[in-house]
Amino acid sequence: DTAVSQTPKYLVTQMGNDKSIKCEQNLGHDTMYWYKQDSKKFLKIMFSYNNKELIINETVPNRFSPKSPDKAHLNLHINSLELGDSAVYFCASSQGHRGWETQYFGPGTRLLVL
Amino acid sequence: AQSVTQLDSQVPVFEEAPVELRCNYSSSVSVYLFWYVQYPNQGLQLLLKYLSGSTLVESINGFEAEFNKSQTSFHLRKPSVHISDTAEYFCAVSVQGAQKLVFGQGTRLTINP
C-alpha cells in the first residue's frame, strides 16, 4: 500500500564505489523527483522527470545519473562516491509539474560514504 | 529566482501552548506556497498549501497559515500544540511554470510536556 517506496533504506559504502537507489510510486503520477537532504536538513531538488523525460537537472555532478524506465519508477545511480555525497536522498512524485501539485515523498535513503 | 527563509531553526514550546513558525519568501511573480512536515525518520508530507483565493488556509490537524502578499510571508500557526506535533516543518514556494519546489531551511518544533 506504500505510495512512494525507496530501496534501500540505508546504504553504507566506501569512497569510490558505485551505488544505485530505486524508487517506485503506485499513485499513477506522471512526475517524479529526486531530492538531497544534507546534514543540516536542507532539502534541494536534484532531478525531475515527467513521463520518463528529464525536465529538471539542477547542476548536479554528472556522477549522478537518473534513469526512468517507466513513469512509475525513477532510479538514481551514483558513480565514484565521495564523502560529500553522504546525505538522505528522497524520491517524490506528483500528478503533473505545473507548480501547484502536492508532492508525495518516499521514506528516504540514508547514504553514508566512508 | 524564488527563495524561502525560515527565520527560526528551532522552536521549543510547552504542550498546549500556541506556536508560530515564520516563513518569508522572495519572488518577482505570483507564487504557490506550501508547508510540509517531516516526522522523525520519515519523508515529508503536505500539511497545507495556498494556491489562490482565501489567504487563510487550514490543515486537518489544527494548523493554519496566512498568505500575506505585502509582507511576503506565509507563517504557520497552531493555537494549542500536542506532543505529536514534534517534527521538522518546511516552508516551500513554487511559481507557475517553474516546475519545482524551493524549500526553506526547516524549523524544528520541539514540544515539552
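I will try to describe carefully the structure that is included in this document. (Residues numbered from 1 in each chain as written. Chains lettered and ligands numbered in written order. Predicted model: local features only at pLDDT ≥ 70, side-chain atom pairs only at ≥ 80, totals over all residues. Heavy atoms only, no water.)

## Some points on unusual backbone geometry
Residues and elements named next belong to chain A. To keep things clear, this is the line we draw: Helix and strand labels come from DSSP, where a helix needs a run of H or I of at least four residues and a strand needs a run of E of at least two; each type is numbered from the N terminus.
Residue P8 is reached from T7 by a cis peptide bond, and omega for that bond is -5 degrees. By the secondary structure assignment, P8 is in the loop between β1 (4-7) and β2 (10-13). Unlike most non-glycine residues, N51 shows phi in positive territory, near 50 degrees. Position of N51 among the secondary structure elements: in the loop between β5 (43-50) and β6 (53-57).

## Quick word on the layout of surface pockets
Here is the rule: Definitions used throughout: a 1 Å grid over protein atoms alone; a cavity as a set of points that fits a 1.4 Å probe which cannot get out; a pocket as an open set with protein on both sides within 12 Å along at least five of seven lines; a lining residue as one with an atom within 4 Å of a point. Grid points are joined across faces, edges and corners, and a volume is the space filled by probe spheres set on the points. When residue character is reported, Ala, Val, Leu, Ile, Met, Phe, Trp, Tyr, Cys and Pro are called nonpolar, Asp, Glu, Lys and Arg charged, and the others, Gly included, polar.
Considered as a void within the structure, the largest pocket measures approximately 300 Å³ in volume. What lines the largest pocket is a set of 19 residues, and nearest its centre among them are Q37(A), K41(A), V88(A), Q38(B) and R108(B). For the lining of the largest pocket, the elements supplying multiple residues, two or more each, are β9 (87-94) and β11 (109-113) of chain A together with β10 (87-94) of chain B. Among the residues forming the lining of the largest pocket, the class breakdown is seven nonpolar, seven polar and five charged. Of the voids in this model, the second largest pocket is the one considered here, and its volume is about 240 Å³.

## Some thoughts on the interface of chain A and chain B
Rules: For this analysis, residues touch if any pair of their heavy atoms sits within 4.5 Å. Reported buried area values correspond to the accessible surface (1.4 Å probe) lost by two parts on association, with both partners' losses combined. What makes a salt bridge here is a side-chain nitrogen of Lys or Arg within 4 Å of a carboxyl oxygen of Asp or Glu, nothing more. Pairing of N or O atoms within 3.5 Å defines a polar contact, subject to two protein rules: one partner must be a possible hydrogen donor and the other a possible acceptor, and residues neighboring in sequence count only if both atoms are side-chain atoms.
Facing the 23 residues of chain A at the interface are 25 residues of chain B. Carbon and sulfur atoms supply 54% of the area that chain A and chain B bury against each other, a total of about 1900 Å² over both sides. At the boundary of chain A with chain B, the tally comes to one salt bridge. Residue K100(B) pairs with E58(A) through a salt bridge whose shortest N-O separation is 3.1 Å. At the junction of chain A and chain B, the tally comes to six residue pairs in polar contact (both at pLDDT 80 or more). Contributing elements (two or more residues each) for the side of chain A that touches chain B: β4 (31-37), β5 and β6 of chain A. Residue contributions to the side of chain A that touches chain B peak at three residues, all from β4(A). Grouping the amino acids of the side of chain A that touches chain B by side-chain chemistry returns eleven nonpolar, six polar and six charged.

## A closer look at the state of the cysteines
Residue and element names in this part refer to chain A. Counted only if it meets this: Criterion for a disulfide: a pair of cysteine sulfur atoms at a distance within 2.5 Å. For every residue, the accessible area (1.4 Å probe, protein chains only) is compared with the maximum for its type, and the residue is labelled buried under 20%, exposed over 50%, or partly exposed between those bounds.
Per the stated rule, a full pass over the model turns up two disulfides over all chains. A sulfur-sulfur distance of 1.9 Å marks the disulfide that ties C23 to C91. Linking C23 and C91, the disulfide has an S-S dihedral of approximately -75 degrees and is accordingly described as left-handed. One end of the pair, C23, is in strand β3 (residues 19-25); the other, C91, is in strand β9, with 68 residues separating them in the sequence. Comparing C23 with C91, the two get one shared label, buried.

## Focus on a nonpolar patch on the surface
All names here are of chain A. So the rule is basically this: Patches draw on residues past 30% relative accessible area with no salt bridge. Two like charges within 9 Å are joined, as are two nonpolar side chains (Val, Leu, Ile, Met, Phe, Trp, Tyr) within 5 Å. All accessible-area figures derive from a Shrake-Rupley calculation using a 1.4 Å probe, and residue coverage is judged against the displayed protein chains alone.
Together, V12, L112 and L114 make up a nonpolar patch on the protein surface, roughly 270 Å² of accessible area in all. Tracing the sequence through the fold places V12 in strand β2. Given the relative accessible area of 54%, V12 is considered exposed.

## Describing the side chain of S93(A)
Residues and elements named next belong to chain A. Relative to the helices and strands, S93 resides in strand β9. Among the polar contacts made by the side chain of S93, one reaches the side chain of H29 at a distance of 2.8 Å. When residues no more than four places from it in sequence are discounted, the contact partners of S93 are V4, Q25, L27, H29, T31, M32, Y33, T102, Q103 and Y104.

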